[in-house]
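Analysis of the macromolecular model
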Amino acid sequence: MPGSNGLLTPSEIGELCRDIAVLGDWCVLAGYRGSVAHGTFCPETSDDVDLMAVCVPPLDRYFGLVQFGSRGTVVRAGPLADGRTLDLVAYEARKFVGLLAQGNPNVLCMLWLRPEHYLVLTDAGRLLVDNRAVFSAKTVHNAFLGYSRAQLERMTRKHDLLLKQIEAEIKRRCL
């Protein structure tokens, strides 16, 4: 069962790095996302581990017939030994840097994790983290504002739907 902080054990990390290519030799940066990264992890209600990785695949993924994932992204989900589900998104390095340059909030957060929230941090990954200010332009404001508005709209829709369901249930029980 996960600890109160939601972190994987060193042996779990080692196992994932052995079993999943994008977390192994190809990986330059990997870390927690979601509730662990945001400090809101609750062992009683969290049923997954959210990770993001940045990798540099072998040359045959660039010059051969084999591609890296779908447009530079690999998404992987699967069970962990403790019953939680692994939710992993891995970006090819060029795509990751392109998203950083666009001010994408989902990838920018990888450059501001707490040190204990990095699973893999190579010299190349450290270069990205150490130079995170390069990606912190005023234009990022618009990306974060758009992301925040979309999240608020999504929460409002869910709230409205929940209220309608409660009202319908009250009417059903009272009539």
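Scope of this entry: the structure provided in the associated data block.

So, on to the sheet that holds strand 5 (residues 118-121). Judged by pairing direction, the sheet is mixed, and its five strands sit side by side in the order 3-4-2-1-5 without closing on themselves. In this open sheet, the two strands that pair with only one neighbour each are strand 3 (73-79) and strand 5. Put simply, the sheet's adjacent strands are angled 15 degrees from each other on average, direction ignored. Here strand 1 (residues 27-32) runs beside strand 2 (residues 48-55); their pairing, made up of five bridges, is antiparallel.

A side chain with one charge may pair with a side chain of the opposite charge, provided their charged atoms come close. Applying the stated criterion across every chain, the model contains five salt bridges. A salt bridge links Arg94 to Glu92; its shortest N-O distance comes to 3.5 Å. Through salt bridges with shared partners, a single network forms among Glu169, Arg172 and Arg173.

Next up on the list: the nonpolar core. In this structure, Leu8, Leu16, Val22, Leu23, Leu51 and Leu88 are the most contacted members of the largest nonpolar core, which totals 23 residues. Of all the elements in the fold, those that place two or more residues in this core are helix 1 (10-19), strand 1, strand 2, strand 4 (85-92) and strand 5. Broken down by element, this core gets its largest block of residues, four residues, from strand 2. Those residues within four positions of Leu88 in sequence are excluded, and the remaining contacts are Ile20, Val22, Leu23, Leu51, Met52, Ala53, Val74, Val75 and Arg76. If you look at the next biggest cluster of nonpolar residues, it comprises 19 residues, including Leu29, Val54, Ala93 and Phe96.

Its boundaries defined by the atoms lining it, the largest pocket holds a volume of some 190 Å³. Residue lining of the largest pocket: Glu12, Glu15, Leu16, Asp19, Ile20, Arg76, Ala77, Gly78, Pro79, Leu80, Ala81 and Leu86, and that is the complete set. At the level of elements, helix 1 and strand 3 are the ones that each hand at least two residues to the lining of the largest pocket.

We now examine the pairing of strand 1. Within strand 1, six of the six residues are buried, which leaves it mostly tucked inside the rest of the structure. Inspection of the sheet shows strand 1 paired to strand 5 by three bridges, in the antiparallel sense. By the bridge assignment for strand 5, Ala30 is matched with Val120.

Among the surface-exposed residues, Leu162, Leu163, Ile166 and Ile170 lie close enough to one another that they form a single nonpolar patch of about 340 Å² accessible area. Exposure remark for Ile166: the relative accessible area of 42% places this residue in the partly exposed category.

Turning our eyes to something else, we now look at the side chain of Glu92. Mapped onto the elements, Glu92 comes out in strand 4. Reaching out from Glu92, the side chain makes a polar contact with the backbone nitrogen of Arg94 at a distance of 2.9 Å.

Within a pair of aromatic rings, the relevant descriptors are the distance that separates the centres and the angle that separates the planes. If you walk through the whole model with that rule in mind, you get one aromatic pair. Consider the rings of Tyr91 and Phe96, whose centres lie 6.3 Å apart with planes at 40 degrees: the pair is tilted. Each member of the pair Tyr91 and Phe96 is classed as buried.

Rules of the game
Residues numbered from 1 in each chain as written. Predicted model: local features only at pLDDT ≥ 70, side-chain atom pairs only at ≥ 80, totals over all residues. Heavy atoms only, no water. Pairing = 2+ DSSP bridges. Helix = DSSP H or I, 4+ residues; strand = E, 2+ residues; numbered from the N terminus. Axes fitted to C-alpha atoms, helices over the stretch in contact; angles between N-to-C directions. Salt bridge = Lys/Arg side-chain N within 4 Å of Asp/Glu carboxyl O. Core = buried A, V, L, I, M, F, W, Y, C linked by side-chain atoms within 4.5 Å. Buried < 20%, exposed > 50% of the residue type's maximum accessible area, 1.4 Å probe, protein only. Contact = heavy atoms within 4.5 Å. 1 Å grid on protein atoms, 1.4 Å probe; cavity = no way out; pocket = protein on both sides within 12 Å on 5 of 7 lines; lining within 4 Å. Points joined across faces, edges and corners; volume = space filled by probe spheres on them. Patch = residues over 30% accessible without salt bridge, like charges linked within 9 Å, V, L, I, M, F, W, Y side chains within 5 Å. Areas by Shrake-Rupley, 256 points an atom, 1.4 Å probe, with all protein chains shown as cover. Polar contact = N/O pair within 3.5 Å; in protein donor to acceptor, adjacent residues only side chain to side chain. Phe/Tyr/Trp six-rings, centres within 6.5 Å; stacked < 30°, edge-to-face > 60°.

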